[in-house]
Amino acid sequence: MEAQLVELARTAGLAVVTLMATDAWERTRDGVVALWRRASPSRAEGVEAELEATRDDLLAAREGGDDLTEQELREEWTGRLRRLLREQPEIADELRRILTEADPGFETAGAGTVHMRAEASGSGRVYQAGRDQHITER
């Protein structure tokens, strides 16, 4: 599976769960269900019920301050969307459109994602930046 589709699934899973607690939820849910209806019609009704159950779990988790459950829900939907994209990669643009309409910031949410890791020992220094970095040492 292409890295771009994996990244789309990750950002889409995050967006879908995040949007569950917003005013854009109904539009998002309808779009995601319509997407499944096109890609896998036999599973669309089940997906709609799962989205609603996830929303209930998310709202309860947020009310109780349960960040772990919220993270698990994001990972769950990331996996579902990744599997859907693996089966039907041609729906990627439609998924992007649905989420961008619900959240205009979605289009750039995954752009420029940088994962960095560094270790320094002794008097070593590490300088990392996801964008521009200017260092002036005196």
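Because the structure is predicted, anything quoted here is derived from the model rather than measured.

Reading the values: rules and limits
- Counting restarts for each chain, with residues numbered from 1 along the sequence as it is written.
- Per-residue local features are limited, in this predicted model, to residues with pLDDT of at least 70; the limit for side-chain atom pairs, both in listing and counting, is 80 or more; totals at the level of whole chains, interfaces and linings are taken over all residues.
- For the side-chain quantities, the full set of heavy atoms in the structure was used; hydrogens and water were omitted.
- Secondary structure elements follow DSSP: runs of H or I of four or more residues count as helices, runs of E of two or more count as strands, with numbering from the N terminus.
- Within these notes, the globule rule equals 2.2 Å times the number of residues to the 0.38 power, and the radius of gyration is based on C-alpha atoms.
- The classification of residues rests on relative accessible area computed with a 1.4 Å probe and restricted to protein chains. Under 20% of the type maximum is buried, over 50% is exposed, and intermediate values are partly exposed.
- Contact criterion: two residues are considered in contact whenever any of their non-hydrogen atoms come within 4.5 Å of each other.
- Note on areas: Shrake-Rupley, 1.4 Å probe, and residue coverage restricted to the protein chains presented here.
- His is not counted, nor are the chain ends, whereas Lys and Arg count as positive and Asp and Glu as negative.
- Where a charge lies is defined by one atom per residue type: Lys uses NZ, Arg uses CZ, Asp uses CG and Glu uses CD.
- We define the nonpolar core as a collection of buried residues of types Ala, Val, Leu, Ile, Met, Phe, Trp, Tyr and Cys that are connected through side-chain atoms lying within 4.5 Å of one another.

1. Regarding the overall build of the protein
Here comes step 1: Within the protein, the regular secondary structure consists of six helices and zero strands.
Here comes step 2: Taken from N to C terminus, the helices and strands of the protein fall in the order α-α-α-α-α-α.
Here comes step 3: Taking 138 residues into account, the globule formula puts the C-alpha radius of gyration at 14 Å, and the protein, at 18 Å, lies well above it.
Here comes step 4: Overall, the C-alpha framework of the protein stretches about 65 × 40 × 25 Å when taken along its three principal axes.
Here comes step 5: Looking at the protein as a whole, 34% of its 138 residues qualify as buried.
Here comes step 6: Looking at the protein alone, contacts between residues at least 24 apart form 64% of all its contacts between residues at least 6 apart.
Here comes step 7: As displayed, the protein offers around 8,900 Å² of accessible surface, 44% of which is attributable to carbon and sulfur atoms.
Here comes step 8: Taken as two groups, the 19 positive and 28 negative side-chain charges of the protein have centres that lie 5 Å from each other.

2. Examining the nonpolar core
Here comes step 1: The biggest cluster of nonpolar side chains holds 31 residues, and the ones touching the most others in it are Val16, Leu51, Leu95 and Leu99.
Here comes step 2: Listed by contribution, the elements that provide at least two residues to this core are α1 (3-19), α2 (25-39), α3 (44-64), α4 (67-87) and α5 (92-102).
Here comes step 3: For this core, the element with the highest residue contribution is α1, accounting for eight residues.
Here comes step 4: Residues in contact with Leu51, not counting those within four places in the same chain, are Val16, Met20, Trp25, Arg29, Val32, Val33 and Trp77.

3. Considering the environment of Asp30
Here comes step 1: As for its position among the elements, Asp30 is in helix α2.
Here comes step 2: Taking the C-alpha atoms as reference, Asp30 lies 8.3 Å from Glu48; in sequence the two are 18 residues apart.

These results come straight from atomic positions and should not be treated as a statement about function.
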